[in-house]
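One-letter residues, chain by chain:
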Amino acid sequence: MLRDLEADTEYLLDGLLAFARSLEPVRRPFSGDPSRAFLVSSGAFTEQELAEADASVARGSLELSAMEWWLTAAAETPSLKDAAAFLHLTMDEIELAIREDRLMSVDIAGEWRVPIWQFNTRPVGRTLPHLEFIIPLLRDWDWRTAGRFFATRQEDLLGFGCETPASWLEDGGDAKEVRSLIKHSHRC
């Protein structure tokens, strides 16, 4: 099915397979678990709702959700070659930008990719300003979490309403504000 999209999908298939293999196997819930009785007695779940949730988990719904999240994020990562073309850079220039922390890259199935959250939308064909001051702070972050952070409105970034870190930087906002949010962020 992914191959029919006529896009750069080989890395998606390989990466998704590797990711799926890294997931914990589906485990059946333990029926004697005291927390189950508490969930029902507290009114948080009915017996029927708990049974339906158990059945969903047993069918692998959590694993499928994790794979969907991974696939969505991975699909938003062009190859170095495609990123270089979009940014009007040579391969040497894009590799230098990565080494100098002006761009974040991620290895997906043995291929280096560039998450698109770093690309400016106004004007197209550039990166967000000040990434060289931000990317070093993201070294311990999962690349998918970083992408979600940059696409999520932050109440501390007030421009024309709450802005995402990406739009804040695009609009000329102070990179120190984004750096502060990153430093004080509590990630799962």
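Just so we're clear, the structure is a prediction, and the values are computed from it rather than from any experiment.

Reading guide: rules and limits
Residues numbered from 1 in each chain as written. Predicted model: local features only at pLDDT ≥ 70, side-chain atom pairs only at ≥ 80, totals over all residues. Heavy atoms only, no water. Axes fitted to C-alpha atoms, helices over the stretch in contact; angles between N-to-C directions. Helix = DSSP H or I, 4+ residues; strand = E, 2+ residues; numbered from the N terminus. Parallel < 35°, antiparallel > 145°, perpendicular 65-115°, else oblique. Contact = heavy atoms within 4.5 Å. Left-handed = near helix turned anticlockwise from the far one by under 90°. Nonpolar A, V, L, I, M, F, W, Y, C, P; charged D, E, K, R; others polar. Patch = residues over 30% accessible without salt bridge, like charges linked within 9 Å, V, L, I, M, F, W, Y side chains within 5 Å. Areas by Shrake-Rupley, 256 points an atom, 1.4 Å probe, with all protein chains shown as cover. Salt bridge = Lys/Arg side-chain N within 4 Å of Asp/Glu carboxyl O. Lys, Arg positive; Asp, Glu negative; His and termini not counted. Charge placed at Lys NZ, Arg CZ, Asp CG, Glu CD. Buried < 20%, exposed > 50% of the residue type's maximum accessible area, 1.4 Å probe, protein only. Core = buried A, V, L, I, M, F, W, Y, C linked by side-chain atoms within 4.5 Å. Arc of directions from axis to C-beta. Polar contact = N/O pair within 3.5 Å; in protein donor to acceptor, adjacent residues only side chain to side chain.

One can describe the packing of helix H4 (residues 61–74) onto helix H8 (residues 143–150) by two numbers: an axis separation of 10 Å at closest approach and a directional angle of 70 degrees. Between H4 and H8, the interaxial angle falls into the category roughly perpendicular. Between H4 and H8, the contacting residues are Trp 69, Trp 70, Ala 73 and Ala 74 on the first element and Trp 143, Arg 144, Thr 145 and Arg 148 on the second.

Here the focus is the packing of helix H2 (residues 34–41) against helix H3 (residues 47–58). Contact pair H2 / H3: the axes reach a minimum separation of 9 Å and the direction vectors enclose 135 degrees. Taken together, the axis directions place H2 and H3 in an arrangement best described as oblique. In the packing of H2 onto H3, the handedness of the crossing is right-handed. Across from Arg 36, Leu 39 and Val 40 in H2, the residues of H3 making contact are Glu 47, Leu 50 and Asp 54. Among the residues forming the contact of H2 with H3, the class breakdown is three nonpolar, no polar and three charged.

Let us now look at a negative patch on the surface. Where like charges cluster on the molecular surface, the negative patch consists of Glu 155, Asp 156, Asp 174 and Glu 177. One can find Glu 155 in strand S5 (residues 154–159). Glu 155 gets classed as exposed once you look at its relative accessible area, which sits at 65%.

Across all of its chains, the model carries four salt bridges by this definition. Close ionic contact of Asp 101 with Arg 139 constitutes a salt bridge, the shortest N to O distance being 2.3 Å. In this pair, Asp 101 sits in the loop between helix H6 (91–99) and strand S1 (106–108) while Arg 139 sits in the loop between helix H7 (131–134) and H8, placing the two residues 38 residues apart along the sequence. Of the charged contacts, one joins Arg 113 and Glu 111 as a salt bridge, the two residues approaching to 2.7 Å between their closest N and O atoms.

Among the nonpolar cores identified, the biggest contains 27 residues, and Leu 138, Phe 150 and Val 178 are the most heavily contacted of them. Mapped by element, the contributors of at least two residues to this core are helix H1 (10–22), H4, S1, H7, H8, helix H9 (165–170) and helix H10 (175–183). Counting residues in hydrophobic clusters, the runner-up holds 10 residues, among them Leu 80, Ala 83, Ala 84 and Leu 103.

For an α-helix, 3.6 residues make a turn, and residues three or four places apart therefore share a direction. Of the residues making up H10, those classed as buried are Ala 175, Val 178, Leu 181 and Ile 182. The buried residues of H10 occupy an angular sector of 120 degrees when the element is viewed end-on, so they sit on one face. Exposed residues pointing more than 90 degrees away from the buried face of H10 are listed as Lys 176 and Lys 183. For H10, the elements touching its buried residues are H7, H8, S5 and H9. The opening residue of H10, the one whose side-chain oxygen lies 2.9 Å from the backbone nitrogen of Lys 176, is Asp 174.

Purely geometric numbers; function is a separate question.
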